[in-house]
Amino acid sequence: MSTTQPASAVGPYARGAGRFAMIVGFIIVLWWAWLLLTDDVPDLYTRPVAMWFHIAGEVTTAAILIVAGYGMLAATAWARRLYLVATGMLLLVVIHAVAWYGSHGDFPMVVLFCILAVLGVFFALRAEE
């Protein structure tokens, strides 16, 4: 007798985690697309290699968030583990963003990223339900 739940049994927090991950992933991609299209990345000219690695890291985080979110909504076996990895990556992105926006005095963005971190941890803890 199997102790696993059927694939159709996805709890409300798992669905919420999936939606959260997909939304945040798409927002990260759109944010960087907007910044690059409007030429609003001054570090791209002063530190191009570091900035491109930074952008690649954030876009990779976004892609993993989107895949994990999809997996959570589809109730796949691998999704919960990948969601935990994606949340860890998101926390690294958030820590960097809080430091950057904080050093530039943009405290509304600091608050926004702190809320994002709290939501990510909340869903990571509750996604098993």
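Residues numbered from 1 in each chain as written. Predicted model: local features only at pLDDT ≥ 70, side-chain atom pairs only at ≥ 80, totals over all residues. Heavy atoms only, no water.

J.: Account for the packing of helix H1 (residues 12–37) against helix H4 (residues 79–103), naming residues and giving values.
T.: The N-to-C vectors of H1 and H4 enclose an angle of 45°; their axes lie 11 Å apart at closest approach. By the angle between their directions, the pair H1 and H4 is classed as oblique. As H1 runs across H4, the sense of the crossing is left-handed. Counting all contacts with H1, which are made through Ala14, Ala17, Phe20, Ala21, Val24, Ile28 and Trp31, the residues of H4 involved are Arg80, Tyr83, Leu90 and Tyr101. (Axes fitted to C-alpha atoms, helices over the stretch in contact; angles between N-to-C directions. Helix = DSSP H or I, 4+ residues; strand = E, 2+ residues; numbered from the N terminus. Parallel < 35°, antiparallel > 145°, perpendicular 65-115°, else oblique. Left-handed = near helix turned anticlockwise from the far one by under 90°. Contact = heavy atoms within 4.5 Å.)

J.: Give a description of helix H3 (residues 48–74) that names residues and reports values.
T.: Its 27 residues give H3 an end-to-end C-alpha distance of 39 Å, which sits within 8% of 39 Å, the value for a rise of 1.5 Å per residue. Ala75 sits one or two residues past H3 and shows a positive phi near 60°. (Expected span 1.5 Å × (residues − 1).)

J.: With reference to specific residues and values, describe the packing of aromatic side chains.
T.: A full pass over the atoms with the stated rule returns 5 aromatic pairs. Taking the centre distance of 5.0 Å and the plane angle of 85° together, the rings of Trp100 and Tyr101 count as edge-to-face. What makes Trp100 partly exposed here is its relative accessible area of 35%. A centroid spacing of 5.7 Å and a plane angle of 20° characterise the contact between Tyr101 and Phe113, whose relative ring orientation is stacked. Highlighted residues: Tyr101 in helix H4 and Phe113 in helix H5 (residues 107–126), separated in sequence by 12 residues. Each member of the pair, Tyr101 as well as Phe113, is classed as buried. (Phe/Tyr/Trp six-rings, centres within 6.5 Å; stacked < 30°, edge-to-face > 60°. Buried < 20%, exposed > 50% of the residue type's maximum accessible area, 1.4 Å probe, protein only.)

J.: How would you summarise the pattern of salt bridges if you had to cite specific residues and measurements?
T.: As enumerated under the stated definition, the model contains 1 salt bridge in all. Measuring nitrogen to oxygen at the nearest pair gives 3.6 Å for the salt bridge that ties Arg47 to Asp43. The exposure class assigned to Asp43 is partly exposed, which follows from its relative accessible area of 23%. (Salt bridge = Lys/Arg side-chain N within 4 Å of Asp/Glu carboxyl O.)

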